[in-house]
Amino acid sequence: MKNKKEMRTWLDDLNLDHPLVIAGPCSAETEEQVLKIAHELKNTDVSYFRAGIWKPRTRPGMFEGVGALGLQWLQKVKAETGMKTCTEVANAAHVKLAVEHDVDLLWIGARSTVSPFIMQELADALAGTDKIVLVKNPVNPDLALWLGGIERLHNAGIKNLGAIHRGFSTYEKTKYRNIPEWQLAIEFQNRFPDLPLINDPSHITGNRDMVFDVCQTALDLNFDGLMVETHYDPDNAWSDAAQQITPKALVQMMIDLKIRKESD
Ligand code: PEP
Ligand code: MN
């Protein structure tokens, strides 16, 4: 994977001496849950606190997120911990609300990236904001859809862009929840070498025991950062219970991971 980026981006402006870390629960569940996790992540390598408030569940009847109420909890996270915040947006109404509540970074989920209509709606809604926008790969291993989503945002004048590699659906039974198909992430990076590329080991593995190894592979491939689902009581999380790790485990993982320096 290409090493040197030629353009300065929002990521360089953070002046980190380690890969970017985004962490927090899959879903915001209650105000207490959000704030407890945020306080446990404060003063660690985590720059951005994540929590999904509008949850794209594959089947109906599952917890679909707390909705706009969670935006107030994210505001409290920022005020109490100093961490920046991020959440998933999937339509223009989400964008409007997230911008009004000062969410710093918005990500676009894998089920949205597959739809050019949704991507265009999001690009139009985000135009004129200075938000950082990260585009997850589509659920299916189609590089063009991923590139096309980025291009729609770029064409709308959105400058602070990046991508998240969260693996791809497959009918085959594999050890992964979503197979990484690392070559697709490498190809993506070749096409957009200046764009920060973040790895999401949580949705790739679906299993907390495999998160470390996927993070290490991503760092060995010079990914710019990691988005790791983190919960103080993973087994009782309201979504994605099997893949979340505790804040304590995240801190230990950041110590144990081998991080390549540009000079290596
Ligand atoms: C998430 O980040 O919680 C999520 C729903 O991710 P994805 O879009 O990758 O499935
Ligand atoms: Mn999740």
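You'll find the structure just up there.
Residues numbered from 1 in each chain as written. Chains lettered and ligands numbered in written order. Predicted model: local features only at pLDDT ≥ 70, side-chain atom pairs only at ≥ 80, totals over all residues. Heavy atoms only, no water.

### Looking at helix α11 (residues 247-256)
For an α-helix, the turn length of 3.6 residues means that residues three or four places apart are oriented alike. Applicable threshold: Three exposure classes are used, based on accessible area relative to the maximum for each residue type with a 1.4 Å probe and protein chains only: buried under 20%, partly exposed in between, and exposed over 50%. Numbering goes from the N terminus for both helices and strands, where a helix is a DSSP run of H or I of at least four residues and a strand is a run of E of at least two. An arc is given here, and it is the one of the directions from the helix axis to the C-beta atoms. Only heavy atoms matter for contacts: two residues are in contact if any of them lie within 4.5 Å across the pair.
Within the sequence span of α11, burial applies to P247, L250, M253 and M254. In a view along the axis of α11, the buried residues occupy a sector of 115°, so they form one face of it. In α11, the exposed positions that point more than 90 degrees away from the buried face belong to K248 and I255. Looking at the buried positions of α11, the neighbouring elements they touch are β1 (20-24), α2 (31-41), β2 (46-50), α10 (211-220) and β8 (225-229).

### Remarks on the pattern of salt bridges
Stated precisely, the cut-off is as follows: In what follows, salt bridge is the name for a side-chain nitrogen of Lys or Arg lying within 4 Å of a carboxyl oxygen of Asp or Glu.
Tallied over the entire structure, the rule returns eleven salt bridges. The salt bridge involving E229 is made with R50; its shortest N-O contact spans 3.3 Å. Taken as a pair, E229 in strand β8 and R50 in strand β2 lie far apart in primary sequence, 179 residues in all. Comparing E229 with R50, the two get one shared label, buried.

### Digging into the coordination of the manganese ion (ligand 2)
The test is simple: Coordinating donors are taken to be N, O and S atoms lying within 2.8 Å of the metal, or within 3.2 Å when the metal is Na, K or Ca; because water is excluded from the atom set, some sites may appear incomplete.
Within the protein, the atoms that donate to the manganese ion (ligand 2) are C26 (SG), H203 (NE2), E229 (OE) and D240 (OD), at distances of 2.1 to 2.4 Å. Considered as a linear motif, the donors of the manganese ion (ligand 2) on their single chain read C-x176-H-x25-E-x10-D. Separated by 37 residues along the polypeptide, H203 in helix α9 (residues 201-205) and D240 in the loop between β8 and α11 bring together distant segments of the chain. Pair check on accessibility: H203 and D240 agree, each one buried.

### What to know about the sheet that holds strand β3 (residues 84-88)
Counted only if it meets this: Pairs of strands are assigned from DSSP output, requiring at least two bridges between the strands. For helices, the fitted line uses only the C-alpha atoms of the stretch in contact; every axis is such a line through C-alpha atoms, and the angle between N-to-C directions lies from 0 to 180 degrees.
Taken together, the eight strands give a closed barrel; going around it, the order is β1-β2-β3-β4-β5-β6-β7-β8, and neighbouring strands pair in parallel fashion. For this sheet the average axis-to-axis angle between neighbouring strands, irrespective of direction, equals 25°. Bridging between β1 and β2 involves three bridges; their strand directions are parallel. Bridge pairing in β2 places A23 opposite F49. Contacting β4 (105-108), β5 (132-136), β6 (161-165) and β7 (197-199), helix α7 (residues 143-155) runs over the sheet at an angle of about 160° to β6. Against the sheet, helix α8 (residues 182-191) engages β6 and β7, with an angle of about 160° to β7.

### A short note on the site of ligand 1
Operational definition: Definition of nearness: a residue and a molecule or strand are near each other if at least one heavy atom of the residue lies within 4 Å of the molecule or strand. Here a polar contact is taken to be a pair of N or O atoms separated by no more than 3.5 Å, where protein atoms must pair a possible hydrogen donor with a possible acceptor and residues adjacent in sequence count only if both atoms sit in side chains. Reported accessibility uses the Shrake-Rupley method at a 1.4 Å probe radius. Residues are deemed covered only where the shown protein chains occlude them. Residue classes follow a fixed rule: Ala, Val, Leu, Ile, Met, Phe, Trp, Tyr, Cys and Pro count as nonpolar, while Asp, Glu, Lys and Arg count as charged, and any other residue, Gly among them, counts as polar.
The environment of ligand 1 is formed by 13 residues, the closest being R50, K55, A110, K136 and R166. Between an oxygen atom of ligand 1 and a main-chain N or O atom of A110, the distance comes to 2.9 Å. In this structure, K136 approaches ligand 1 through a side-chain N or O atom, which is 2.8 Å from an oxygen atom. With the chains in place, 96% of the 300 Å² that ligand 1 exposes on its own is no longer accessible. Among the residues forming the shell around ligand 1, the class breakdown is four nonpolar, two polar and seven charged.

### Thoughts on the nonpolar core
As a rule of thumb, soluble globular proteins bury nonpolar side chains together. As a reminder, the rule being used: By nonpolar core we mean a set of buried residues, namely Ala, Val, Leu, Ile, Met, Phe, Trp, Tyr and Cys, connected to one another through side-chain atoms within 4.5 Å.
Core analysis: the largest hydrophobic core is formed by 60 residues, its most contacted members being F49, L153, F188 and L250. Residues in contact with L250, not counting those within four places in the same chain, are V21, A23, L41, V46, V228, T230 and I245. Counting residues in each nonpolar core, the second largest holds 13 residues, with C86, L105, I164 and I198 among its members.

### Description of the packing of helix α6 (residues 116-126) against α7
Stated formally: Orientation labels follow simple angle bins: below 35 degrees gives roughly parallel, above 145 gives roughly antiparallel, 65 to 115 gives roughly perpendicular, and whatever is left gives oblique. Working rule for handedness: look at the near helix, and if it is turned counterclockwise from the far one by less than a right angle, call the crossing left-handed; if clockwise, right-handed.
Where α6 contacts α7, the axes come no closer than 8 Å and their chain directions differ by 25°. Judged by the inter-axis angle, α6 sits roughly parallel to α7. Here α6 runs over α7; the crossing is right-handed. Residues P116, M119, Q120, L122, A123 and L126 of α6 touch α7, and the partners they reach there are L145, G149, R152 and L153. Of the residues belonging to the contact of α6 with α7, the class tally is seven nonpolar, two polar and one charged.

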